[in-house]
Amino acid sequence: MRTLLVTGAAGRIGAAFVRANAGRYAFRLTDLRRPEDVSQGDWIIGDLSDPDVARAGVAGCDSVLHLAANPHPLASFDQLLPANVISTYTVLQAALEAGARRFVFASTIQTVYGHPVIPPSGPDAAPRPVNLYGASKAWGEALCSAYSHQGLSCCVVRIGAVLHGSGRRWPRRPELAKEIVYEADAVQLLGLALDAEDRPPFELYYAFSEHPDNVEHVETARRQLGYRPSVVVWPPEQAQGDQ
Ligand SMILES: NC(=O)c1ccc[n+]([C@@H]2O[C@H](COP(=O)([O-])OP(=O)(O)OC[C@H]3O[C@@H](n4cnc5c(N)ncnc54)[C@H](O)[C@@H]3O)[C@@H](O)[C@H]2O)c1
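Draft legend 1. Representation of the overall build of the chain in the model. On a plain count of helices and strands, the chain comes out with six helices and nine strands. Whereas a compact globule of 243 residues would reach a radius of gyration of roughly 18 Å, the chain reaches 17 Å, a difference of no more than 12%. Each principal axis of the C-alpha distribution contributes one length, and for the chain these read about 50 × 40 × 35 Å. Per-residue burial over the chain gives 46% buried out of 243 residues. Relative to all contacts within the chain whose residues are 6 or more apart in sequence, the contacts with residues 24 or more apart total 62%.

The structure is reproduced here in structure tokens:
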């Protein structure tokens, strides 16, 4: 069984990923905070901006799912520095030194909010963030590219706005419908990105549920990774009887 480090494992996406993949990986789980349920893996509680914590986290793992971050669009530089800037470096460096096979980085659609059309066309449109959070994730994407040139297979996933929970729910504004990803779809795509064999050393995907305005992005992940997302139904009236 593959050994997988999940950083930020006490967070929303991390907890959902571990729940959905129980038994598929031998989990090493890290976070700043200890969750109530620590039964699913081998936990290390600590701040990943400390290189020793990052090294202990990666030790013995063949892949890394790097979710730990401050995910708030209005976060200040002081808040982003340890979580998003330093920790992405320490975890990548530890993964390289440990000879990890695959590194998947949770980026965000917010890295490209400065493009005139969102999501921008092309599988790997250049980052054009509009806030410090997006800029901190653009740094993480750039680091992944740099480490892929040193021999670490890296996959960036620009995650859309995650809708948690299993029921069908709606985004707050219609224009956000093309950017949403149901939790189960996000978890599916992250798993496919981790498990993919013989991929180029640096890749970038978008994690969206299917919508007429994100076909190109969903198709790329479908074709290259075997992604099978659910369909976003908008407006909600069209889903009568479907809730
Ligand atoms: N939820 C979304 O809609 C969404 C959308 C796009 C991208 N993302 C990205 O996905 C990832 C997970 O998002 P989430 O919604 O689960 O966030 P979350 O805030 O629920 O979880 C992030 C976890 O990281 C941990 N963490 C933060 N700084 C740390 C540090 N220095 N050392 C160790 N652990 C640290 C936090 O304690 C937290 O439990 C993040 O990288 C986020 O930027 C999320």
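Draft legend 2. Structural context of the pairing of strand β9 (residues 202–207). With respect to burial, β9 is a largely interior element, five of its six residues being buried. Judged from the six bridges that link them, strand β6 (residues 154–159) and β9 form a sheet pairing that is parallel. Within β9, the position partnered with Cys-155 by the bridge is Glu-203.

Draft legend 3. Molecular detail of helix α4 (residues 132–148). Taking 1.5 Å per residue as the helical rise, α4 with its 17 residues ought to reach 24 Å, and the 24 Å between its terminal C-alpha atoms agrees with that figure. Residues Leu-132, Tyr-133, Gly-134, Ser-136, Lys-137, Gly-140, Glu-141, Leu-143, Cys-144 and Tyr-147 constitute the buried set of α4. Looking at the buried positions of α4, the neighbouring elements they touch are α3 (77–97), β5 (102–108), β6 and β9.

Draft legend 4. Seen up close, the sheet that holds β6. With respect to topology, seven strands assemble into an open sheet ordered β3-β2-β1-β4-β5-β6-β9, the strand pairing being parallel. Each having just a single partner strand, β3 (42–45) and β9 make up the two edges of the open sheet. Averaged over all adjacent pairs, the angle separating strand axes in this sheet is 20°, with direction ignored. Relative to strand β2 (residues 26–31), strand β1 (residues 3–7) is paired through five bridges, and the arrangement is parallel. Its bridge partner lying in β2, Leu-4 is registered against Phe-27. Here helix α1 (residues 12–20) sits on the sheet and contacts β1, β2, β4 (63–66) and β5; the angle it forms with β1, its principal contact strand, is near 155°. Against the sheet, α3 contacts β1, β4 and β5, and its axis sits at roughly 175° relative to β4.

Draft legend 5. Layout of the site of the ligand. Surrounding the ligand, one finds 25 residues, the nearest of these being Gly-8, Gly-11, Ala-69, Ala-83 and Val-162. Of all the secondary structure elements, the ones that give two or more residues to the shell around the ligand are α1, α3, β5 and β7 (161–163). Taken together, the residues of the shell around the ligand break down into 14 nonpolar, seven polar and four charged.

Cut-offs applied
Residues numbered from 1 in each chain as written. Predicted model: local features only at pLDDT ≥ 70, side-chain atom pairs only at ≥ 80, totals over all residues. Helix = DSSP H or I, 4+ residues; strand = E, 2+ residues; numbered from the N terminus. Rg over C-alpha atoms; globule rule 2.2 N^0.38 Å. Buried ≥ 20, exposed ≤ 12 C-beta atoms within 10 Å, placed from the backbone. Contact = placed C-beta atoms within 7 Å. Pairing = 2+ DSSP bridges. Expected span 1.5 Å × (residues − 1). Axes fitted to C-alpha atoms, helices over the stretch in contact; angles between N-to-C directions. Near = placed C-beta within 6 Å. Nonpolar A, V, L, I, M, F, W, Y, C, P; charged D, E, K, R; others polar.

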